[in-house]
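As a plain string of letters, each chain reads:
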Amino acid sequence: MKKLFALVLALAMALSLVACGGGSSKPAEDKPADTPASSAAGESSGEAATPTEGGSNLAGKKVGLAMPTQSSERWINDGGNMKSQLEALGAEVVLQYGDDDVQQQVSQIEAMIAQQVDALVIAAIDSGSLTTVEQAAADAGIPIIAYDRLLMDTPNVDYYATFDNKGVGVVIGQYVKDALDLENAGDQTYTCELFMGSPDDNNALFLYNGIMEVLGEYFENGTLVVKSGRTSFQDTCILRWSQETAQQTCENYLASFYAGEHLDICLTAFDGFAYGCKAALTGAGYTAENWPIITGQDCEVMATKNIAEGWQTMSIYKDTRLLAEKCVTMVQAVLLGTEPEINDEEQYNNGVKVVPTYMCTPVAVDVNNYKEMLIDSGYYTEDQLK
Ligand code: GAL
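No experiment lies behind these values; they were computed from the predicted model shown.

Next up on the list: the packing of aromatic side chains. Remark: the centre distance and the inter-plane angle together describe each pair of aromatic rings, the angle taken between the planes. On inspection of all chains with the given rule, the structure shows 11 aromatic pairs. Aromatic pair F206 and Y348: ring centres 5.0 Å apart, planes at 20°, arrangement stacked. Taken together, the residues F206 in helix 5 (residues 202–220) and Y348 in the loop between helix 10 (320–336) and strand 11 (357–360) connect sequence positions 142 residues apart. What makes Y348 buried here is its relative accessible area of 0%. Summarising the aromatic geometry, the rings of W241 and F270 are spaced 5.7 Å apart at their centres and angled 80° between planes, so their arrangement reads as edge-to-face. Residue W241 is found in the loop between helix 6 (233–236) and helix 7 (243–257), and its partner F270 is found in the loop between strand 8 (265–268) and helix 8 (271–283); the two are separated by 29 residues along the sequence. Taking relative accessible area as the criterion, W241 reaches 11% and is therefore assigned buried. Ring-pair connections join several aromatic residues into one group, and the members of that group are Y160, F206 and Y348. One Lys or Arg, K326, reaches over the ring of Y358 and ends 4.5 Å from the middle of that ring.

Assignment of secondary structure puts T162 in strand 5 (residues 159–163). Apart from the residues within four sequence positions on either side, T162 is in contact with D148, L323, Y348, T357, Y358, M359 and C360.

Along the chain, T154 turns up in the loop between strand 4 (144–147) and strand 5. Apart from residues no more than four positions distant in its own chain, T154 is found in contact with T131, E134, N350, V352 and K353.

Before going further, it helps to examine the pattern of salt bridges. Tallying each qualifying case throughout the model produces 12 salt bridges. Its salt-bridge partner being R149, residue D201 comes within 2.9 Å of it at the nearest N-O pair. A residue pair is termed long-range when its members are at least 10 positions apart, and D201 in the loop between strand 6 (190–195) and helix 5 and R149 in the loop between strand 4 and strand 5 qualify at 52 residues. Judged by relative accessible area, which is 3%, D201 ranks as buried. Between K227 and E261 there is a salt bridge, with the nearest N and O atoms lying 3.7 Å from each other. Linking K227 in the loop between strand 7 (224–225) and helix 6 with E261 in the loop between helix 7 and strand 8, this pair joins segments that are 34 residues apart in sequence. Exposure remark for K227: the relative accessible area of 34% places this residue in the partly exposed category. Under the relative-accessibility criterion, E261 is labelled buried at 18%. Salt bridges linked by common partners bring R74, D78, D148 and D298 together as one network.

Now for helix 5. Given a rise of 1.5 Å per residue, 19 residues ought to cover 27 Å, and the 25 Å separating the end C-alpha atoms of helix 5 matches this to within 8%. At V214, helix 5 is deflected by roughly 60°, the largest bend along its length. Of all 19 residues in helix 5, 14 are buried, a share of seventy percent or more. A distance of 2.9 Å separates the backbone nitrogen of N203 from a side-chain oxygen at the start of helix 5, and that oxygen is part of D201. Immediately downstream of helix 5, the backbone of G222 shows phi near 85°, a positive value.

Attention now goes to the site of the ligand. Around the ligand, the neighbouring residues are R74, W75, D148, R149, D201, N203, W241, F270, Q297, D298 and K318. At a separation of 3.4 Å, an oxygen atom of the ligand approaches a polar side-chain atom of Q297. When the free accessible area of the ligand is taken as 300 Å², the share hidden by the protein chains comes to 98%. Across the shell around the ligand, the residue classes break down as three nonpolar, two polar and six charged.

Criteria and thresholds
Residues numbered from 1 in each chain as written. Predicted model: local features only at pLDDT ≥ 70, side-chain atom pairs only at ≥ 80, totals over all residues. Heavy atoms only, no water. Phe/Tyr/Trp six-rings, centres within 6.5 Å; stacked < 30°, edge-to-face > 60°. Helix = DSSP H or I, 4+ residues; strand = E, 2+ residues; numbered from the N terminus. Buried < 20%, exposed > 50% of the residue type's maximum accessible area, 1.4 Å probe, protein only. Lys NZ or Arg CZ within 6 Å of the ring centre and 35° of its normal. Contact = heavy atoms within 4.5 Å. Salt bridge = Lys/Arg side-chain N within 4 Å of Asp/Glu carboxyl O. Expected span 1.5 Å × (residues − 1). Bend = angle between axes of the 7 residues up to and from the residue. Polar contact = N/O pair within 3.5 Å; in protein donor to acceptor, adjacent residues only side chain to side chain. Near = heavy atom within 4 Å. Areas by Shrake-Rupley, 256 points an atom, 1.4 Å probe, with all protein chains shown as cover. Nonpolar A, V, L, I, M, F, W, Y, C, P; charged D, E, K, R; others polar.

Structural data, given as structure tokens:
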């Protein structure tokens, strides 16, 4: 795996990275396309099925769903799953995507308040930038549920539905640790570069901390060698989860630090970053014979195809049907006074309060289990992965 290939690059580009630098989040290639096969709730993972028992107990209610972007397939699925589940309960749904533009998301939420929605579900673009509009919602008596990303610095959030974000990092770290048998590495070393999530998304630091909980000791003892020297969250985070920035960052790393050296691991926090690394590696001459380990998150269709073909090593399966289902129970709770399922009342302090949370469990997916996890569970059809 290691030093198999001496990279010869004609031009060593000057490293011009700005950590957490901007850039559009529009995928440059490997654009996500398809959506999960089904939005049926409750049978998607081993977790307790709850809530959205048929009927029309949300009849006459209007729910606003503010999603961050359509540039990544998962949010299209999240929005679609929640819309169909809420509509099945009789609710009217206003679904909007913010195009990764904070001001656009603020305007969309303002419009939902003006339309007198009864509840808001928000997956923020910038988790701390919505406090004013959240206060406006509270003043209008509209409860708010944070979806996947915690809403920061506000008292105006009732519940939070998410995946175990630190757990995602632990699972990624553990996967790499096991794949390379780091515990028994001896003198063997592996080169590794980190591509972490957006600094304005609370999930990103949780994930980084999870990774470091497992792999931190191997960075410290020199088994994992980061030739760029960038190991902190601040130095490796990528604003707005931009695929393009990840690709540029990887290109710059390869040119500046791996000209005569093999990069063994692209430790990335998101499938979009994995696509960016794939493009950069291909551009730098890497082939199937010396392809590095590449991690990701979300099990997008393109990522799953890449896993099947060996261009991505693993991803994290986050069943958006299940998350939507948990969120819908929270909508029911705030609108009907029912009790939603909560399994964490400690971890998610948004700076003002600890938000009662349901955390779903993330699962590692690779070439060995993707069929079982994603096709047998009905998340994708076989055709979608062709
Ligand atoms: C995060 C989420 C990830 C990934 C990322 C980019 O908030 O936890 O699963 O989707 O956003 O969209």
